[in-house]
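Okay, here's what each chain looks like letter by letter:
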Amino acid sequence: MALHRGSSVRHGKEERRGFSVNPFYGEADPVSGMAAEPPRHRLPDGPMAPSAAYQFVHDELMLDGNARLNLATFVTTWMEPQAGKLMADCRDKNMIDKDEYPRTAELERRCVAMLAHLWHVPDPESAMGCSTTGSSEACMLAGLALKRRWAKRNPVRYPATAKPNLVMGGNVQVCWDKFCNFWEVEARQVPMEGDRFHLDPQAAADLCDENTIGVVAVLGSTFDGSYEPVAEVCGALDDLQERTGLDVPVHVDAASGGMVAPFLDAEVVWDFRLPRVSSINTSGHKYGLVYPGVGWALWRTPEDLPEELVFRVNYLGGDMPTFALNFSRPGAQVAAQYYTFLRLGREGFRAVQQNSRDVACSLADRIEALGDFTLLTRGDQLPVFAFTTADGVRNFDVFDVSRRLRECGWLVPAYTFPPNREDLSVLRVVCRNGFSMDLSDLFMADLSGVMPELRAQAKPQERPESEATAFHH
């Protein structure tokens, strides 16, 4: 009897039926309960075997892209098995319940202290900081602290007549647009100009006024991997204060660079060594080398985080301060961050990040050597680089390249830049831990393999407008 057919006898006659799902999904009887496929958009009427439920979900997820070949994401896609086991051990612990899980809370405190030392907080032992679900939440918290400090300095004018504003480059991550929208802050963005793809210090200072709550500087732009000149931004604001008396703080969005620059670029001064920097965030799940999602936010002094923003709750069994946009979340990622700090130390982090940078620089050089592309960045700051088609290339565009690489399994984003460089479309490659030199060789072989057909095209393939502008990662 064929596996995909079955028969039964009902009321004296044979009834034939076909299997909707693989009979091997049946835990004991391979033909029991396999005739009906479970619904996708409503709850099934009854339960199924755990092995069958797992296989249904597992099979569908196979249609996702391979995370290790995803050169679009900054998010960590590989950790050691021991880290995965540790996360499994902690997945049932609620991070917010510090009274019931005091050791998890202690690991969070230790991580904050380690980052405080790494980023040169003036008094690391009393550093104010917390874990978050990622840099987006950390940025929201830092923005809220900036706004509240500004409001306290302007109690007569706000909210009656004054509207707060936040100055940033046009290359900021979308979370800053969300912050300004959600908390009614005017977003003053310095647009890109020419070959300058991030914040200009003097242009930022020129946009500041008495209603400016702060300036955001990005240590590692998602568009091209470059560091913004944080020290120069602070210098321009120092000059502004000397001329006008305006004292504008700086928040450093170090979502990626905060875990790269301390190990590879010690000569770059961007952190709390600059007196004007009041807060910093980073993503533990990016170059912090932890699976998503965990972020970190730190403040220079307790005064930089207004006490009224910190809530104290006791219904979980103790008096616990909390400053977050959400509440319950697993403690697994915090445990994994502490594991990674212990596992690698400074020298280990330096070795891992240097390897990623070496891969990025090597791959960028080899792509440039093809002659079809022009590099915007070379991977020598963040292990990230952006490139576009060379002058004179008319047969294909970056979107064609992205599409052809996807056919090979590689996910490489193609996107247009923000104002005033919407005319520039680029590809971007993110080199993370786990993207080895060997994998970069395979990527280069696939890219070289698709080039003859791309060069032979008569013109770039047509694409929907949304495809060219959909990148916000």
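The sections below set out a description of the structure shown in this document. Just so you know, these numbers come straight off a predicted model, no measurement behind them. Counting of residues starts from 1 at the beginning of each chain's written sequence and follows it residue by residue. Selection of residues for local features in this predicted model requires a pLDDT of at least 70, selection of side-chain atom pairs for listing and counting requires 80 or more, and totals for whole chains, interfaces and linings are taken over all residues. In computing side-chain properties, one takes all heavy atoms of the structure into account and sets aside hydrogens as well as water.

1. Quick word on the overall build of the protein chain
No. 1: Along the protein chain, the regular secondary structure elements total twelve helices and 15 strands.
No. 2: If you sum the accessible surface of the protein chain, you get close to 22400 Å²; carbon and sulfur atoms cover 53% of it. Secondary structure elements are taken from DSSP: a helix is a run of H or I of four residues or more, a strand is a run of E of two residues or more, and numbering for both begins at the N terminus. Each accessible area is a Shrake-Rupley result for a 1.4 Å probe, and residues are judged covered by the shown protein chains and nothing else.

2. Some points on the packing of helix 10 (residues 398–407) against helix 11 (residues 437–456)
No. 1: Remark: helix 10 packs on helix 11, axes separated minimally by 10 Å, with the N-to-C direction vectors making an angle of 125°. In terms of axis orientation, helix 10 runs oblique to helix 11. Judged by the twist between their axes, the crossing of helix 10 over helix 11 is right-handed. Facing helix 10, whose interface residues are Asp400, Val401, Arg404 and Leu405, helix 11 presents Phe443, Asp446, Leu447, Val450, Glu453 and Leu454. A fitted line through C-alpha atoms serves as each axis, taken over the contacting stretch for helices, and the angle formed by two N-to-C directions is quoted from 0 to 180°. Here the angle decides the label: under 35 degrees means roughly parallel, over 145 means roughly antiparallel, 65 to 115 means roughly perpendicular, and every other value means oblique. Crossing handedness: left-handed means the near helix sits turned counterclockwise from the far one by under a right angle, and right-handed means the same turn made clockwise. Contacts are assigned to residue pairs with any non-hydrogen atoms lying within 4.5 Å of each other.

3. Here we look at the pattern of salt bridges
Charged atoms that come close allow side chains of opposite charge to pair.
No. 1: Every case where a carboxyl oxygen of Asp or Glu lies within 4 Å of a side-chain nitrogen of Lys or Arg is listed as a salt bridge. In this structure the tally under the stated criterion is 23 salt bridges.
No. 2: Ionic pairing is found between Arg343 and Glu80, a salt bridge with its closest N-O pair at 2.7 Å. Placement of the pair is Arg343 in helix 9 (residues 332–369) and Glu80 in the loop between helix 1 (50–61) and helix 2 (81–90), with a sequence separation of 263 residues.
No. 3: Residue burial is assigned from relative accessible area. The probe radius is 1.4 Å, only protein chains are included, and a residue is buried under 20% of its type maximum, exposed over 50%, and partly exposed in between. Assessed through its relative accessible area of 46%, Arg343 is described here as partly exposed.
No. 4: The partner of Arg273 in a salt bridge is Asp271, with the nearest N and O atoms 2.8 Å apart.
No. 5: Of the residues examined, Arg273 reaches a relative accessible area of 34% and is grouped as partly exposed.
No. 6: With relative accessibility at 1%, the residue Asp271 sits in the buried group.
No. 7: The network of salt bridges with common partners includes Asp400, Arg403, Arg404, Glu407 and Glu453.

4. Some details on the side chain of His285
No. 1: Here His285 lies in the loop between strand 8 (277–283) and strand 9 (295–299).
No. 2: Not counting chain neighbours up to four residues away, the residues in contact with His285 comprise Phe74, Val75, Thr76, Thr133, Gly134, Val290, Tyr291, Pro292, Gly293 and Val294.

5. A closer look at the packing of aromatic side chains
No. 1: The rule is short: rings of Phe, Tyr and Trp, with Trp giving its six-membered ring, pair when the centres are within 6.5 Å, and they are stacked under 30 degrees, edge-to-face over 60, tilted in between. Under the criterion given, the structure shown has 17 aromatic pairs.
No. 2: Between the aromatic rings of Trp299 and Phe323, the centroid separation amounts to 5.7 Å while the plane-to-plane angle is 45°, which identifies the pairing as tilted. One end of the pair, Trp299, is in strand 9; the other, Phe323, is in the loop between strand 11 (320–322) and helix 9, and 24 residues separate them in sequence.
No. 3: Taken together, a centroid distance of 5.9 Å and an interplanar angle of 55° make the contact between Phe341 and Phe349 tilted.
No. 4: Here Phe341 falls in the buried class, since its relative accessible area comes to 11%.
No. 5: Within the aromatic cluster, the residues linked to one another by ring pairs are Trp176, Phe179, Phe182 and Trp183.
No. 6: Over the ring of Phe74 we find Lys286, and its NZ or CZ is 5.6 Å from the ring centre. Note on geometry: a ring has a charge over it if NZ (lysine) or CZ (arginine) is within 6 Å of the ring centre and within 35 degrees of the ring normal.

6. What to know about helix 10
No. 1: Judged by how many residues are buried, helix 10 sits mostly within the fold: seven of ten residues are covered.
No. 2: Where helix 10 is concerned, the buried positions are Val398, Phe399, Asp400, Val401, Ser402, Arg404 and Leu405.
No. 3: Polar contacts, as used here, are pairs of N or O atoms within 3.5 Å; protein pairs need one atom able to donate a hydrogen and one able to accept it. Residues neighboring in sequence count only if both atoms are side-chain atoms. For helix 10, the capping residue at the N-terminal end is Asp397, with a side-chain oxygen 3.1 Å from the backbone nitrogen of Phe399.
No. 4: Of the residues trailing helix 10, Gly409 is marked for its positive phi of about 100°.

7. Considerations on the sheet that holds strand 9
No. 1: With mixed pairing, the seven strands of this open sheet are ordered in space as 3-9-8-7-6-4-5. The open sheet has two edge strands, strand 3 (128–132) and strand 5 (186–190), and neither has a second partner. The sheet shows a mean angle of 20° between the axes of neighbouring strands, direction not considered.
No. 2: In terms of strand pairing, strand 4 (residues 165–169) meets strand 5 through five bridges, oriented parallel. Bridged to Leu166 within strand 5 is Ala187.
No. 3: Sheet contacts for helix 3 (residues 102–118): strand 3 and strand 9; angle to strand 9, the most-contacted strand, approximately 60°. Two strands qualify as a pair provided that DSSP identifies no fewer than 2 bridges between them.

8. Here's the deal with unusual backbone geometry
No. 1: Residues Pro292 and Gly293 are joined by a peptide bond in cis, for which omega reads 0°.
No. 2: One can find Gly293 in the loop between strand 8 and strand 9.
No. 3: Between Pro419 and Asn420 the backbone carries a cis peptide bond, its omega angle lying at 0°.
No. 4: Summarising the element assignment, Asn420 is placed in the loop between strand 14 (414–416) and strand 15 (425–430).
No. 5: Although it is not a glycine, Glu184 adopts a positive phi angle of roughly 55°.
No. 6: Residue position: Glu184 is located in the loop between helix 5 (174–182) and strand 5.

9. Some thoughts on the sheet that holds strand 12 (residues 373–375)
No. 1: Within the open sheet, the four strands sit side by side as 12-13-15-14. Their pairing is antiparallel. For this open sheet the edge positions go to strand 12 and strand 14, each flanked by a neighbour on one side alone. When strand polarity is set aside, the average angle formed by the axes of neighbouring strands in this sheet is 40°.
No. 2: Pairing analysis gives three bridges linking strand 12 to strand 13 (residues 384–389), with the strands arranged antiparallel. In the strand pairing of strand 13, Leu375 is matched with Phe387.

10. So, the packing of helix 3 against helix 9
No. 1: Taken N-terminus to C-terminus, the directions of helix 3 and helix 9 make an angle of 45°; their axes are 9 Å apart at the nearest point. The orientation of helix 3 with respect to helix 9, classified from their angle, is oblique. Between helix 3 and helix 9 lies a crossing of left-handed hand. Across the interface between the two elements, Thr104, Leu107, Glu108, Arg110, Cys111, Met114, Leu115, His117 and Leu118 from helix 3 touch Val334, Ala335, Gln337, Tyr338, Phe341 and Arg346 from helix 9.
No. 2: Polarity classes work like this: nonpolar for Ala, Val, Leu, Ile, Met, Phe, Trp, Tyr, Cys and Pro, charged for Asp, Glu, Lys and Arg, and polar for all others, with Gly in that last group. Grouping the amino acids of the contact of helix 3 with helix 9 by side-chain chemistry returns nine nonpolar, three polar and three charged.

Keep in mind these numbers describe shape, not what the thing actually does.
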